[in-house]
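Structural description and commentary
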Amino acid sequence: MDENDQQALTGGVIKEHDLDLAQLWLDYIALGGNATQQDVKEYSAGLTRLPSKERDILSQAVNEYSDPAGRPRELLAMAPYSDSLLSLVRKDPAGPQTSK
């Protein structure tokens, strides 16, 4: 996955789940992350880049922290990893259904 896509998607998940960046950073550090809290804040806002290893650790922290209630993963927006494939959404060739 392109690092810009990974950053944008991860930042989107952080925003969507309204994650507390201070707590997220602590979880990230506990998983072995080395970036500063300011780096994580700036990365989540799209203002700085992180090496792939740090991005993947942050994605892991986001995915673990985003749903403490234990809902099924397929119902959650998940932060991608650097080796994730970016899936394309297919449009229905028949077009949108109308009630006319």
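See the structure above.
We now turn to the structure provided with this report. Everything numeric in this text was worked out from a predicted model, so none of it was measured. Position numbers for residues start from 1 in each chain and track the written sequence from start to end. With pLDDT at 70 or above as the cut-off, local features in this predicted model cover only qualifying residues; side-chain atom pairs require 80 or more to be listed or tallied, and sums for whole chains, interfaces and linings still use all residues. Note that the side-chain values use all heavy atoms of the structure and ignore hydrogens as well as water.

Structural notes on the packing of helix α1 (residues 3–16) against helix α4 (residues 52–65)
We apply this condition: For helices, the fitted axis covers only the stretch in contact; all axes are lines through C-alpha atoms, and the angles between them, taken along N-to-C directions, range from 0 to 180 degrees. Helix numbering and strand numbering both begin at the N terminus, where a helix is a DSSP run of H or I of at least 4 residues and a strand a DSSP run of E of at least 2. Note on terminology: angles under 35 degrees are roughly parallel, angles over 145 are roughly antiparallel, angles of 65 to 115 are roughly perpendicular, and the others are oblique. By definition, any crossing whose near helix is turned counterclockwise from its far helix by less than a right angle is left-handed, and any crossing with a clockwise turn is right-handed. Whether two residues touch is decided by their heavy atoms; if any such pair falls within 4.5 Å, the residues are in contact. All amino acids are sorted into three groups, where Ala, Val, Leu, Ile, Met, Phe, Trp, Tyr, Cys and Pro are nonpolar, Asp, Glu, Lys and Arg are charged, and the leftover types, Gly among them, are polar.
Their axes nearest at 11 Å, the elements α1 and α4 cross at an angle of 25°. As far as their axial angle goes, α4 and α1 are roughly parallel. α1 and α4 meet at a crossing whose hand is left-handed. Contacts between α1 and α4 involve E3, Q6, T10, V13 and I14 from the first element and R55, D56, S59 and V62 from the second. Residues belonging to the contact of α1 with α4 are distributed by class as follows: 3 nonpolar, 3 polar and 3 charged.

As for the nonpolar core
Definition in use: We call a set of buried residues a nonpolar core when its members are Ala, Val, Leu, Ile, Met, Phe, Trp, Tyr or Cys and they connect through side-chain atoms within 4.5 Å of each other. We call a residue buried when its accessible area falls under 20% of the maximum for its residue type, exposed when it is over 50%, and partly exposed in between, using a 1.4 Å probe and counting protein chains only.
In this structure, L24, Y28, L58 and V62 are the most contacted members of the largest nonpolar core, which totals 14 residues. Looking at this core, the elements with two or more residues in it are α1, α2 (21–30), α3 (37–44) and α4. In terms of residues, this core owes the most to one element, α4, which gives 4 residues. Excluding residues that lie within four positions of it along the chain, V62 makes contacts with T10, V13, I14, L19, L24 and A79.

Thoughts on α3
Put simply, the test is: Of all possible arcs, the one meant is that of the directions from the helix axis to the C-beta atoms.
Buried within α3 we find V40, Y43 and S44. Within α3, the buried residues cover an arc of 95° as seen down the axis, which keeps them to one side. Close packing links the buried residues of α3 with α1, α2 and α4. Looking one or two places after α3, you find G46, whose phi comes out positive at around 80°.

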